[in-house]
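So the chains spell out like this:
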Amino acid sequence: EPVRRVLLIGEGNFSFAASLCRAEGTHVVATCYESEEKVSGCGGAAENIQRLREKGAEVMFSVDCTKLKDYFLPGKIEFDCIYFNFPHCGRKAGVVKNRELLAHFFHSSSEVLSEEGEVHVALCNGQGGTPADQPRREWHNSWQIVAVAAGAGFILSNVHPFKAETIHGYKCTGYRSQDKSFCVEGALNHIFTRSMPLSYFKPMSCEIELENRKVSFQVPQVLVDKINRGFLEPNSNHPVQTLKEKLTAELGQAFPLQNIDSCLSLLHQGQLNGVCHSNIFWIILNPEETSSTEEMSNGLANAVLFHHVDFCKDADKNGWVNVQEGCHISKQYYLRPSLLPYAQAVIQKEAFLPETLYVISGLVFRKCFITPYSMPVFHEMAFVSAVNRGTEKSYIQMLVNNIKTSIHSLHQTVSSFKLTINLQEATSFETIELNDFVAFESQLSKIQYLICMDTDTSGPSEKGCCVGVIRTAHYELVSNELVVVFVSLNLDLLAMLICGIRDWRMLWTSDNRFLRQFPRGELRLFKSFSLYPPSYVHDVSFWIPDGEQFDEVAFHTIARQVSCEMVTSIQLIDSFQQSETGRRSFCYRLTFQSCDKALSRQVVAEMQLLFRNEIKQHLRVTVR
């Protein structure tokens with residue numbers, strides 16, 4: 001088994017190092033800032049240094065924690081763990097000086113730490129500035145350790161009490177650079193790990209087959225890292241795939257069931273009556289084959305385009321969506337916002353079997369406002385079946401009961417927290433959270449029922465969250481008059497509620513510490529590997545051209561794109577109109593925060609500058 005290399009920074013009397021070198025399979029390198037002559041005069045230091053050397057540890061003096069790589073040969077530069085207990089600039093240095101010390105230390109540590117190594121920093125109660133400190137200092141009066149570490153690419157992955165009494169022989173010393181002890185009651189050990197780097201994705205093209213020829217289109221930049229991740233592939237251990245499998249298996253025991261596994265096109269073409277065009281990702285096809293094979297996304301070549309999907313609330317007396325194939329009324333293309341048209345196509349096929357439950361699943365894409373539970377892309381799972389008129393209500397109840405049984409079974413294996421699932425009439429909107437999922441679904445066609453979930457922990461809403469919608473429509477199929485039942489589930493919201501995932505962006509992280517928590521076919525309570533991420537606030541003010549409408553959804557989409565989904569909130573904090581010119585001015589407040597990556601103040605400032613330039617160019621506003 002490989003020896004674990006541990007580096008200790010800023011030792012005072014070396015009592016912590018002497019305790020640590022007792023551990024088997026650990027090679028300790030203990031350093032201090034002072035000279036050996038000065039340190040040896042501290043109480044107990046000489047004995048600890050001798051003990052360390054007898055145990056085979058390395059002891060180094062006059063080591064500057066801001067220049068660590070200068071002290072080690074290339075072959076001995078990587079450490080699995082770095083400890084810095086109670087760092088301080090000395091004397092009466094204030095919080096600003098100590099933040100600067102930590103900033104330089106973290107940058108220096110990044111040069112000598114192994115890829116999956118840890119940096120442990122112990123601070124006195126209140127210094128760190130995180131919610132773990134009790135009582136918590138005001139942010140400006142703390143060392144802001146998480147924000148400081150983010151500047152060097154580190155995230156806080158764990159924090160726990162520093163229990164000096166459990167460390168054999170440990171004695172804290174160094175109060176104001178003297179051989180005096182200090183209070184460590186309530187002290188915390190902060191454990192940092194490397195963050196995945198922020199990803200600025202290059203433009204990407206997708207290739208599909210359209211009218212017997214291959215065409216390509218440029219993927220909207222905000223979706224580049226999401227469009228072809230394969231989370232619903234059979235061998236995936238992603239929570240959304242596990243949910244899909246478990247739901248399908250449960251329902252397959254109660255109903256005749258067929259999976260629609262044919263390749264569904266990412267693109268639709270045609271009119272969008274009743275749907276706000278600002279919520280759609282419009283696509284322009286590239287002329288002929290302009291992209292090389294390497295640039296294309298794999299797995300999309302056999303997709304068949306869905307021609308002319310007419311989303312219209314008033315399409316017929318039932319509010320159902322009419323699907324007409326082959327109508328070349330418009331050459332406007334857009335990424336599919338729903339699986340509803342595919343469900344209708346299933347019903348209209350000759351091979352359609354009444355009483356059989358057909359299952360369709362895949363990604364859908366919708367531009368939306370930035371809120372904690374609003375997703376520009378998510379995995380939809382759709383069920384469609386046809387039953388005799390008069391039996392649809394009992395059929396829906398049976399279907400929902402089976403969905404509830406499956407979800408409850410999954411949730412019980414994950415958490416002891418109470419989970420409630422309710423079927424509500426779509427008219428009782430006031431009792432549920434009207435998230436973007438419901439708002440958009442209500443644009444597509446009339447909704448009869450809502451599937452709502454709630455937990456007894458803090459979640460998307462105190463009222464409950466809608467995770468699914470149910471529609472019915474009447475069709476003349478074969479010789480019987482049948483009622484078609486369509487159920488749509490948001491698998492991403494379901495996964496978040498069941499697994500305790502507080503941020504939808506975590507479902508799309510490229511950090512393998514997420515998927516490692518979910519073995520194949522299992523759901524577990526998610527434990528975040530990035531605690532108390534720092535947030536940064538910036539305001540932007542601008543004039544709207546006279547007589548023009550301001551596209552607020554586009555404003556939010558640009559914020560998503562330029563920040564790599566790091567904007568978590570956009571609030572309108574002020575607006576006014578000039579009486580002389582009629583010009584309108586808006587002021588918005590943007591909050592930046594990452595759920596899985598290190599995000600520094602400098603990077604956010606660059607994002608804000610880019611955002612100002614982008615809205616000026618694309619929304620034709622005059623930035624103030």
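Note that this is a predicted model, so its numbers are computed, not measured.

S.K.: When you look at a negative patch on the surface in this model, what are you seeing that I'm missing?
M.R.: On the surface, a cluster of negative charge is contributed by Glu 78, Asp 80, Glu 115 and Glu 116. Residue position: Glu 115 is located in strand 5 (residues 113-123).

S.K.: Explain the sheet that holds strand 3 (residues 58-60) here, please?
M.R.: Where strands meet in a sheet, backbone hydrogen bonds hold them as pairs that are either parallel or antiparallel. Pairing is mixed in the open sheet, where seven strands are placed in the order 3-2-1-4-5-7-6. At either margin of the open sheet sits one strand with a lone partner, and together these are strand 3 and strand 6 (154-161). The mean angle between the axes of side-by-side strands here comes to 20°, regardless of whether they run parallel or antiparallel. Pairing geometry for strand 6 and strand 7 (residues 188-194), over seven bridges, is antiparallel. Each residue of the ladder has a partner; that of Val 159, found in strand 7, is His 190. Sitting on the sheet, helix 4 (residues 95-110) is in contact with strand 1 (4-9), strand 4 (79-85), strand 5, strand 6 and strand 7, with an inclination near 155° to strand 5.

S.K.: Would you mind going over the state of the cysteines with me for this structure?
M.R.: By definition, a disulfide links the sulfur atoms of two cysteine residues through a covalent bond. This model, assessed by the stated rule, comprises zero disulfides. Distance from the sulfur of Cys 89, which forms no disulfide, to the nearest cysteine sulfur (Cys 65) is 8.5 Å. Overall, Cys 89 belongs to the partly exposed group, its relative accessible area being 39%. Between Cys 452, a cysteine without a disulfide, and Cys 466, which holds the nearest cysteine sulfur, the sulfur-to-sulfur distance is 4.9 Å. Cys 452 sits in the buried class, given a relative accessible area of 3%.

S.K.: Any chance you could explain the sheet that holds strand 25 (residues 584-592) here in plain terms?
M.R.: Pairing in this open sheet of four strands is antiparallel, and the strands run 24-25-23-26 from one edge to the other. The sheet is open, and its two edges are formed by strand 24 (567-577) and strand 26 (622-623), each paired on a single side. Pairing geometry for strand 24 and strand 25, over nine bridges, is antiparallel. Pairing of Asp 574 across the sheet is with Cys 587, part of strand 25. Taken strand by strand, helix 12 (residues 552-562) contacts strand 23 (536-544), strand 24 and strand 25, and its axis lies near 140° from that of strand 24. Together, strand 23, strand 25 and strand 26 form the strand contacts of helix 13 (residues 601-618), whose direction differs from that of strand 23 by roughly 15°.

S.K.: Can you help me understand the nonpolar core in this one?
M.R.: Counting residues in each nonpolar core, the largest one holds 108 residues, and the members touching the most others are Phe 217 and Leu 335. If sequence neighbours within four positions are ignored, Leu 335 has contacts with Phe 217, Pro 220, Leu 223, Ile 227, Leu 266, Leu 267, Phe 281, Ile 283 and Phe 365. Membership of the second largest hydrophobic core comes to 31 residues, among which are Leu 7, Val 29, Ile 82 and Phe 154.

S.K.: Explain helix 3 (residues 45-54) to me, please; I cannot follow it from the model alone.
M.R.: Residues lying three or four places apart along an α-helix face the same way, a consequence of the helix completing one turn every 3.6 residues. Buried within helix 3 are the following residues: Ala 45, Asn 48, Ile 49 and Leu 52. End-on view of helix 3: buried residues confined to an arc of 100°, all on one side of the axis. The inward-facing, buried residues of helix 3 abut helix 1 (15-20), strand 2 (26-31), helix 2 (36-39) and strand 3. After helix 3 finishes, the residue Gly 56 shows a positive phi value of roughly 90°.

S.K.: Got a minute to help me understand the confidence of the model for the protein in this structure?
M.R.: Detail in the predicted coordinates should be disregarded across regions flagged by low pLDDT. For the protein, per-residue confidence averages 84 on the pLDDT scale, and 87% of positions sit at 70 or higher. For the stretch residues 289-330, pLDDT sits under 50, and the model shows 125 contacts to residues farther than four places along the chain or on other chains. The model gives residues 458-462 a pLDDT under 50, and that stretch makes eight contacts with residues more than four places away or in other chains.

S.K.: Please explain empty space enclosed by the protein as it appears in this structure.
M.R.: Any empty space left between atoms is shown by rolling a water-sized probe over those atoms. Inspection of every chain in the model, using the stated rule, returns one cavity of 30 Å³ or more. Approximately 40 Å³ is the volume found for the largest cavity. Surrounding the largest cavity, Val 146, Ala 150, Phe 154, Ile 155, Leu 156, Ser 530, Leu 531, Pro 533, Pro 534, Lys 597, Ala 598 and Leu 599 form its lining. Put simply, the parts of the chain that give the lining of the largest cavity at least two residues each are helix 5 (145-150) and strand 6. By residue number, the principal contributor to the lining of the largest cavity is strand 6, which donates three residues. Residue classes in the lining of the largest cavity are distributed as 10 nonpolar, one polar and one charged. Split by domain, the residues of the lining of the largest cavity number at least three in each of domain 1 (4-194) and domain 3 (536-623).

What counts and how
- Residues numbered from 1 in each chain as written.
- Predicted model: local features only at pLDDT ≥ 70, side-chain atom pairs only at ≥ 80, totals over all residues.
- Heavy atoms only, no water.
- Patch = residues over 30% accessible without salt bridge, like charges linked within 9 Å, V, L, I, M, F, W, Y side chains within 5 Å.
- Areas by Shrake-Rupley, 256 points an atom, 1.4 Å probe, with all protein chains shown as cover.
- Salt bridge = Lys/Arg side-chain N within 4 Å of Asp/Glu carboxyl O.
- Lys, Arg positive; Asp, Glu negative; His and termini not counted.
- Charge placed at Lys NZ, Arg CZ, Asp CG, Glu CD.
- Helix = DSSP H or I, 4+ residues; strand = E, 2+ residues; numbered from the N terminus.
- Pairing = 2+ DSSP bridges.
- Axes fitted to C-alpha atoms, helices over the stretch in contact; angles between N-to-C directions.
- Contact = heavy atoms within 4.5 Å.
- Disulfide = S-S within 2.5 Å.
- Buried < 20%, exposed > 50% of the residue type's maximum accessible area, 1.4 Å probe, protein only.
- Core = buried A, V, L, I, M, F, W, Y, C linked by side-chain atoms within 4.5 Å.
- Arc of directions from axis to C-beta.
- pLDDT = per-residue confidence, 0-100.
- 1 Å grid on protein atoms, 1.4 Å probe; cavity = no way out; pocket = protein on both sides within 12 Å on 5 of 7 lines; lining within 4 Å.
- Points joined across faces, edges and corners; volume = space filled by probe spheres on them.
- Nonpolar A, V, L, I, M, F, W, Y, C, P; charged D, E, K, R; others polar.
- Domains from an automatic or database assignment.

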